[in-house]
Every structure is written in structure tokens, then in C-alpha cells.
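Single-letter residue listing:
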2 protein chains.
Amino acid sequence: MALTERQQKILDFIGASIDKHGYPPTIREIGKDVGISSTSVVNYHLNKLKDLELLERDDQISRGLKLTAKARPMVDAGNGATVSLPIVGTIQAGLPVPVMDARTAFETDEQDMISVTREIVPRGDKVYALRVKGDSMIDALINEGDIVVMQSTHTASNGDMVAAWIKDREETTLKRFYHENGRVRLQPANPTMDPIYVALDNLEIQGKVIAVIRSLN
Amino acid sequence: MALTERQQKILDFIGASIDKHGYPPTIREIGKDVGISSTSVVNYHLNKLKDLELLERDDQISRGLKLTAKARPMVDAGNGATVSLPIVGTIQAGLPVPVMDARTAFETDEQDMISVTREIVPRGDKVYALRVKGDSMIDALINEGDIVVMQSTHTASNGDMVAAWIKDREETTLKRFYHENGRVRLQPANPTMDPIYVALDNLEIQGKVIAVIRSLN
DNA sequence: GTCTACCATGAACACCTGTTCGATGTCAAG
DNA sequence: CTTGACATCGAACAGGTGTTCATGGTAGAC
């Protein structure tokens, strides 16, 4: 069931309001923003959104609105403090990293998301997350269960931490990228380990690592 | 400048309310919680907290309250989806980890904070962050520049990743804790490395690692 | 003692706010 | 054409809510 333009606008305004002020808007504030003169109509749409499970309402409570998790991805993030990233798959040494195209992003359901603050991941465009499988990445100081946040790209600058597919080894590796003397030096994050050198055309850059998150429990 | 018990309680309640409902409380709700019968007294304390720059108020607006960044670490429950953590110091092998007492929390200014979502750090109480100095922690898959999120504690359960001070070595180490056969096995996160064994009374647990964050750029 | 800062009460007021009701218009389905 | 679902308006009401005022108690400073 799709939303009408009105309802989408109301949802967006609620999100923006919480974002900006730290609390939800009143019925009249909503009406003013979306251009509805009567409080009863806003109330009407609010109940509609509630039926769609996009909104929770606390009866008789001023500003008693809350966006449900279901509504979160449909709301204009705007200048939010957090970024929601899809976890599109897993990463391990023997397999290429999954790419994120428009389709996979859409198919990702809410269970497979992680949100992080912009302090940790400043950009949100073409950024996605991968769960680390196995312990084949310990030379990158990354272990089973870690979340790797990647930015999709096929090029890299010197010093970038990249996910690279080494063709002749049929192997994915996470290393710092340095293009020097016509070849590429891949430097492990672990300073006690030696770099490897590969030819440029033997390398396929699949993304740039922009953060690693390890959540113990 | 210290807060009175009343004011701390009000601040806590505002945080808890935002946490629980998604919006701040009204003056009367605050009064009811902290045991103040008159709205004017609550108003009085609110203005006091505003003068201390712990609170922002939107005049004439119901529930027009917002905790400032300065207030965040002093509040029991953080603000909704994110937790702000003070970065109270650095961690390296040769030094004990700094402890977070009430004083350091107060002295921390806003620059030395990091906020993370509750998905990554569920609790907020007695939790703080340390910046990793040097590469002496690579056996814990942790490197220079990483942020380690710790929970202050002096005890640990089996399997916890702890920051431990080994007395006779005068060394801090991050390892998984296993109490077995009257001694303690400290297991490195790197599965290719061997555990070390220490006597219980040679060990001082300084905190529990609950997350590691590496933000590249 | 007197003064001042602080904390508290209770009441009153005006505006804010959610709720409800009756009426109207539109538009696709039957 | 009639019907029903949907969307909108305007108005009214009751209770919620921030603000203000007069009053007074307590405790430490001078």
C-alpha cells in the first residue's frame, strides 16, 4: 500500500521536526506545514498512518507521536545525526565482496541494517556494510563478526584502505593501497606483516573501507 | 558547580522520558516524578538547569526541552537512539587505562566526545571511550587510532573481553577472560596467537571492552 | 539579629492541544 | 444515478500546559 503525497509529507515533517527540535510536532504544527487548515484532517491522516503501522500515537498526550522502525527508511533523513546502512552480505578471503546495486539496496529488509552516527561514517552515499565471516582477515586487524563499512568505488588513492580482488590468487583482501613504480603495493594494517606487490591489471578494487565496527557483548 | 539531587533527578527523568517515549516530559510530568507538587518549582529548576547550559528550553512550547551535549554524559539514559561517550584518555600497553570517575566526566569538554548508536553500544552507564596509542595492541586486533569503548568494572565473566593490568609485568592488555582451574587464561582475539596464564591475584580488571570502532578517512 | 540565596507551595490565567461532530465535495464502482 | 470510501473544512469543548504571582520556610553569611 502506497502513501499519498500528503501522508508522505506528514511523515517527513514529523521526522524533520524530531530531528530539528528534539520532539515531535503538534497536530496544528503539522497542519500548518503540509497546508491543512483543520486539525481534524491532520488527526484523520495521523490515524491512517497509525493503521499502516508507520506511527505510534499516545492518546491525549501533546506531541505524542513516534515513528516506528518501519517508517524510518521512508522518511527524508535530512540532516540526521545517524546514517542507516544496509548490510548487503558477508566478506571473506575466498570470495569477491558483494556489490551494492540499486536492487540489493531495495531488497534489503530492516533486519539487515545498521545505523551509525555521522561522526563515524560522514558520507551516506553508496555506502554499505558487510559482516565479516571467518578469520581470514586478521592481517587487516579484522575478525569474525566485525562489521566493515565500505564505500563503493573502483578507484583508490594512495593510503586508502581498499577491498581488492587479486585475480590470479582468486582472493579478496583488505589492505592499504599504494600505487608506486607502475605496480601496486598492498600494505597490511598489521605493521608486523610485510606488504605484497601486484601488477595493476591483476587487481580489481571493489570498494574503500571507511570504518570497522566491532560490537562485543 | 555541582547539581543538587533534585536537579540531577530532573535531568535523569528528562533523559529517561525521551528515551522511553520519544519526546520530553511536560513540567507537570517532571513534578510528579521527582516529587514536586508545584509547577512553578519545576519551572524554577528548569531555568536553573538552563543557566547551567545543561538544558535548552523553547518558550511557550509544550515539552520544549532539549538536553545539551554537555548534559548528555551526566544523564542516566542517553538521548534516544544514540549514546554520547566521553573520550577520557588513551590506552597503551605500558600504562594502566584511565578510570572514569565523576570528576573526569565533568571536566570532559565537548570536543572529546564520540556518539554511537545504541545498536553498537546498548548501555550508557559507566561507559566511556579510549583512543588507542601505538601498535602494542595488535594482538587484540586493535591498532593506533582506534576507539575502544569500555564499561567500567572490576569483575568479569568468562568470555568477556577485558582490559586487564598484569601486576608483575606492569602491562595493560586486552584479552578474553576465562577463569579456569584457579588461574586465569587470557586469550588473544587473534586466533593464531597463544593464550597467557596468570594467577588471579596478579590481575586487576580495569574494564570490559564492549566495542571497537575504527574510522578511516 | 538581619539579610540573602535557595527551595517550596498553591492558585490563577491564558493559551495550547487533542478530540469530536456535522457538513461538504470528489471520484471510482456498482 | 446511487453508493460508499476518501478527503477536507470549520467550529466547539475539555483538559493539558507554560507562565506568573504572592507567600513562606530554611540555612548560611555578615
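What you are looking at is a predicted structure, and each value in this text was computed from that prediction instead of being measured.

Undergrad: How would you summarise the overall build of chain A if you had to cite specific residues and measurements?
TA: What chain A contains, in helices and strands, is four helices and 11 strands. Out of the 217 residues in chain A, the part that is buried amounts to 45%. Counting only carbon and sulfur atoms, one obtains 47% of the accessible surface of chain A, whose full area is about 11100 Å².

Undergrad: I'd like to hear about the packing of helix H2 (residues 27-34) of chain A against helix H3 (residues 39-51) of chain A, residue by residue, with values.
TA: Residues and elements named next belong to chain A. Contact pair H2 / H3: the axes reach a minimum separation of 9 Å and the direction vectors enclose 95 degrees. Put simply, H2 runs roughly perpendicular to H3. Facing H2, whose interface residues are Ile-27, Arg-28, Ile-30 and Gly-31, H3 presents Thr-39, Val-42, Asn-43 and Leu-46. Across the contact of H2 with H3, the residue classes tally to four nonpolar, three polar and one charged.

Undergrad: Which residues make up the nonpolar core, and what values do they have?
TA: A:Ile142, A:Leu174, A:Val209, B:Ile142, B:Leu174 and B:Val209 are the most contacted members of the largest nonpolar core, which totals 37 residues. In this structure B:Ile142 touches A:Leu141, A:Arg214, B:Val132, B:Met137, B:Val148, B:Leu174, B:Val212 and B:Arg214, once residues within four positions along its chain are discounted. Counting 28 residues, the second largest nonpolar core, distinct from the first, contains A:Leu85, A:Ile120, A:Ile147 and A:Ile210.

Undergrad: Which residues make up the packing of aromatic side chains, and what values do they have?
TA: Applying the stated criterion across every chain, the model contains zero aromatic pairs over all chains. Here A:Arg183 stacks its cationic end above the ring of A:Tyr197, 3.9 Å away from the centre of that ring.

Undergrad: How would you summarise the pairing of strand E9 (residues 183-187) of chain A if you had to cite specific residues and measurements?
TA: All names here are of chain A. Summarising burial for E9: four of the five residues are buried, a large majority. Across five bridges, the pairing between strand E8 (residues 171-180) and E9 is antiparallel. What sits directly across from His-179, in E9, is Val-184. The loop that links E8 with its antiparallel partner E9 comprises two residues; one of these, Asn-181, has a positive phi angle of about 55 degrees.

Undergrad: So, unusual backbone geometry: which residues are in play, and what are the values?
TA: Most peptide bonds are trans, and most residues other than glycine sit at a negative phi. Within the chain, A:Glu170 stands out as a residue other than glycine whose phi angle is a positive 50 degrees. The topology assignment puts A:Glu170 in the loop between strand E7 (161-166) and E8. Overall, A:Glu170 belongs to the exposed group, its relative accessible area being 57%. Unusually for a residue other than glycine, B:Leu141 sits at a positive phi of about 60 degrees.

Undergrad: Tell me about the protein's contact with DNA strand C, and please be specific about residues and values.
TA: What surrounds DNA strand C is a group of 24 residues, the closest being B:Arg6, B:Ser38, B:Ser40, B:Val41 and B:His45. Backbone atoms, meaning sugar and phosphate, make up 55% of the atoms of DNA strand C lying within 4 Å of the protein. Between DNA strand C and A:Ile27, the relevant distance is 2.9 Å, taken from a phosphate oxygen to a main-chain nitrogen or oxygen of the residue. B:Ser40 is positioned such that a nitrogen or oxygen atom in its side chain is 2.6 Å from a base oxygen of DNA strand C. The element that contributes the greatest number of residues to the surface near DNA strand C is helix H3 (residues 39-51) of chain B, accounting for six residues. Partitioning the surface near DNA strand C into residue classes produces five nonpolar, 13 polar and six charged.

Undergrad: Kindly report on the packing of helix H1 (residues 5-21) of chain B against helix H2 (residues 27-34) of chain B, identifying the contributing residues and their values.
TA: All names here are of chain B. Relative to each other, H1 and H2 sit at 125 degrees, their axes nearing to 10 Å. Taken together, the axes of H1 and H2 lie oblique to each other. Considering the relative orientation of H1 and H2, their crossing is right-handed. Judged by residue contacts, Arg-6, Lys-9, Ile-10, Phe-13 and Ile-14 of H1 engage Glu-29, Ile-30, Asp-33 and Val-34 from H2. Residues of the contact of H1 with H2, tallied by class, amount to five nonpolar, no polar and four charged.

Undergrad: Could you give an account of the protein's contact with DNA strand D, naming the residues involved and the relevant values?
TA: Residue and element names in this part refer to chain A. Inspection of the region around DNA strand D gives 24 residues, with Arg-6, Ser-38, Ser-40, Tyr-44 and His-45 positioned closest. Near the protein, meaning within 4 Å, the atoms of DNA strand D are sugar or phosphate in a fraction of 54%, with bases accounting for the rest. One of the side-chain N or O atoms of Ser-40 is found 2.6 Å from a base oxygen in DNA strand D.

Undergrad: I'd like to hear about H3(B), residue by residue, with values.
TA: Because the α-helix completes a turn every 3.6 residues, residues three or four places apart line up on one side. Residue and element names in this part refer to chain B. Here H3 contains 13 residues, and its C-alpha end-to-end distance of 18 Å stays within 8% of the 18 Å for a straight helix at 1.5 Å per residue. Within H3 the residues assigned to the buried category are Val-42, His-45, Leu-46 and Leu-49. For H3, the angular spread of the buried residues around the axis is 105 degrees, confining them to a single face. Contacts from the buried residues of H3 go to H1, H2, strand E1 (55-57) and strand E2 (65-67). Taken from the residues just after H3, Glu-53 is the one with a positive phi, measuring 60 degrees.

Undergrad: Please provide a residue-by-residue account of the interface of chain B and chain A, values included.
TA: Chain B puts 43 residues into the contact, and the matching count from chain A is 42 residues. Here chain B packs against chain A, burying approximately 3300 Å² in sum over the two surfaces, 52% of which is carbon and sulfur. Applying the counting criterion to the chain B and chain A interface returns zero salt bridges. Scanning the region where chain B abuts chain A turns up 17 residue pairs in polar contact (both at pLDDT 80 or more). Of all the secondary-structure elements, those providing two or more residues to the side of chain B that touches chain A are H1, E2, strand E4 (113-117) and strand E11 (203-215) of chain B. Here the side of chain B that touches chain A takes seven residues from E11(B), the largest share from any one element. Its residues placed into classes, the side of chain B that touches chain A shows 21 nonpolar, 12 polar and 10 charged. With five bridges joining them, strand E11 (residues 203-215) of chain A and E11(B) adopt antiparallel strand pairing. Note that in E11(B) the partner of A:Ala211 across the bridge is B:Ser215.

Calculation notes
- Residues numbered from 1 in each chain as written.
- Chains lettered and ligands numbered in written order.
- Predicted model: local features only at pLDDT ≥ 70, side-chain atom pairs only at ≥ 80, totals over all residues.
- Heavy atoms only, no water.
- Helix = DSSP H or I, 4+ residues; strand = E, 2+ residues; numbered from the N terminus.
- Buried < 20%, exposed > 50% of the residue type's maximum accessible area, 1.4 Å probe, protein only.
- Areas by Shrake-Rupley, 256 points an atom, 1.4 Å probe, with all protein chains shown as cover.
- Axes fitted to C-alpha atoms, helices over the stretch in contact; angles between N-to-C directions.
- Parallel < 35°, antiparallel > 145°, perpendicular 65-115°, else oblique.
- Contact = heavy atoms within 4.5 Å.
- Nonpolar A, V, L, I, M, F, W, Y, C, P; charged D, E, K, R; others polar.
- Core = buried A, V, L, I, M, F, W, Y, C linked by side-chain atoms within 4.5 Å.
- Phe/Tyr/Trp six-rings, centres within 6.5 Å; stacked < 30°, edge-to-face > 60°.
- Lys NZ or Arg CZ within 6 Å of the ring centre and 35° of its normal.
- Pairing = 2+ DSSP bridges.
- Near = heavy atom within 4 Å.
- Polar contact = N/O pair within 3.5 Å; in protein donor to acceptor, adjacent residues only side chain to side chain.
- Left-handed = near helix turned anticlockwise from the far one by under 90°.
- Expected span 1.5 Å × (residues − 1).
- Arc of directions from axis to C-beta.
- Buried area = accessible area lost by both parts, 1.4 Å probe.
- Salt bridge = Lys/Arg side-chain N within 4 Å of Asp/Glu carboxyl O.

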